[in-house]
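Structure at a glance
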Amino acid sequence: MSESEFEKEVLNSVFVEIVDSIHKDRRIMLPPPSPKYSDFKTGKRDTVGYGKILKKYWHDHDSIKKDKRRKLIAVYGFLKNNGINDNKFDLAPFKNNKKYDFQYMSKFPDEISWDLNDIKSSLPVGTISISGIRFNKTKTSGILEASSSAGGGKSGSGFEITIEKKSGEWHISKIIDTWVS
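Attention here is on the structure that accompanies the text.

About the cut-offs
Residues numbered from 1 in each chain as written. Predicted model: local features only at pLDDT ≥ 70, side-chain atom pairs only at ≥ 80, totals over all residues. Heavy atoms only, no water. Helix = DSSP H or I, 4+ residues; strand = E, 2+ residues; numbered from the N terminus. Buried < 20%, exposed > 50% of the residue type's maximum accessible area, 1.4 Å probe, protein only. Salt bridge = Lys/Arg side-chain N within 4 Å of Asp/Glu carboxyl O. Pairing = 2+ DSSP bridges. Core = buried A, V, L, I, M, F, W, Y, C linked by side-chain atoms within 4.5 Å. Contact = heavy atoms within 4.5 Å. Expected span 1.5 Å × (residues − 1). Arc of directions from axis to C-beta. Phe/Tyr/Trp six-rings, centres within 6.5 Å; stacked < 30°, edge-to-face > 60°.

With respect to unusual backbone geometry
- The backbone of Lys-139 sits at a positive phi, close to 55°, despite the residue not being glycine.
- Checked against the element boundaries, Lys-139 lands in the loop between strand S8 (134–135) and strand S9 (141–151).
- Judged by relative accessible area, Lys-139 falls into the partly exposed class, the value being 25%.
- Its identity as a non-glycine residue notwithstanding, Ser-167 has a phi of 55°, on the positive side.
- Tracing the chain through its elements places Ser-167 in the loop between strand S10 (155–166) and strand S11 (169–180).

Here's the deal with the pattern of salt bridges
- Counting across every chain of the model gives 5 salt bridges.
- One salt bridge connects Glu-3 with Lys-139, and the closest N-O pair in it is separated by 3.2 Å. Linking Glu-3 in helix H1 (residues 3–22) with Lys-139 in the loop between S8 and S9, this pair joins segments that are 136 residues apart in sequence.
- The exposure class of Glu-3 is exposed, given its relative accessible area of 54%.
- Among the salt bridges present, the one from Glu-145 reaches Arg-134, with a minimum N-O distance of 3.8 Å. Of this pair, Glu-145 sits in strand S9 while Arg-134 sits in strand S8, and the two are 11 residues apart along the sequence.

Some thoughts on the pairing of S10
- Here S9 runs beside S10; their pairing, made up of 10 bridges, is antiparallel. Looking at S10, one finds that Ala-146 is bridged to Phe-159.
- Between S9 and the antiparallel strand that follows it, S10, lie 3 residues; Gly-152 among them carries a positive phi value of about 75°.
- Here S10 pairs with S11 via 10 bridges, running antiparallel.

So, the nonpolar core
- Grouped together as the largest cluster of nonpolar side chains are 27 residues, with contacts concentrated most on Phe-15, Ile-18, Phe-102, Ile-130, Leu-144, Ile-161 and Ile-163.
- Here this core gets 8 residues from one element, more than from any other, and that element is H1.
- With residues near it in sequence (within four places) discarded, Phe-15 still touches Val-75, Phe-89, Phe-94, Phe-102, Ile-128 and Ile-130.
- Of all hydrophobic cores here, the second largest spans 5 residues; its members include Ala-74, Met-105, Phe-108 and Trp-114.

Some details on helix H2 (residues 50–66)
- The first and last C-alpha atoms of H2 sit 24 Å apart over 17 residues, in line with the 24 Å expected at 1.5 Å per residue.
- The set of residues buried in H2 consists of Tyr-57, His-61 and Ile-64. In an axial view of H2, the angular spread of the buried residues amounts to 65°, which keeps them on one side of the axis. Exposed side chains of H2 directed beyond 90 degrees from the buried face belong to Lys-52, Lys-55, Lys-56, His-59 and Lys-66.

Topic: the packing of aromatic side chains
- Across all of its chains, the model carries 10 aromatic pairs by this definition.
- Taking the centre distance of 4.9 Å and the plane angle of 80° together, the rings of Tyr-57 and Trp-58 count as edge-to-face.
- Centre to centre, the rings of Phe-135 and Trp-170 are 5.8 Å apart; their planes meet at 70°, and the pair counts as edge-to-face. Pair noted here: Phe-135 is in strand S8 and Trp-170 is in strand S11, with a separation of 35 residues, a long-range link.
- With a relative accessible area of 8%, Trp-170 lands in the buried category.
- Through pairs of rings, three or more aromatic residues link up here, namely Phe-15, Phe-89, Phe-94, Tyr-100 and Phe-102.

Here it is as structure tokens:
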């Protein structure tokens, strides 16, 4: 097996675990609404009806979290191997995933234009990108970079992810947050 085939096989084995660990869902990213201010000088809050608004927010938030339908995740389709070579990341192995519908980001408008408040649109709930893996000499562990975004140019995070092979299977052993936007 070639180096690139080995890397793809390992990445395919941990891809969904990575997505589970880092993906952002734009439908639940916004903070709860705050009470409206009626007087900016005194800071008195207009709380009439606020309980009802907050209750609806948390109901909607919880129903999205409990939703068992497949989440549409846009994947940037290129892996950067040490910043030099680009290879198409093959989504075919994940075609029948029960939790996620993975599609290439190239099928959608630029994520900076996504409206985070539009929870009913056909846009993905978020995006994922993953780098190539830097393996140790014995190929029993590796480190890769990943990022996730809820779109809209307002919510993204970067991660350094360590993976290890234990009992014949690859799994995440550590995730370090590297940046937030």
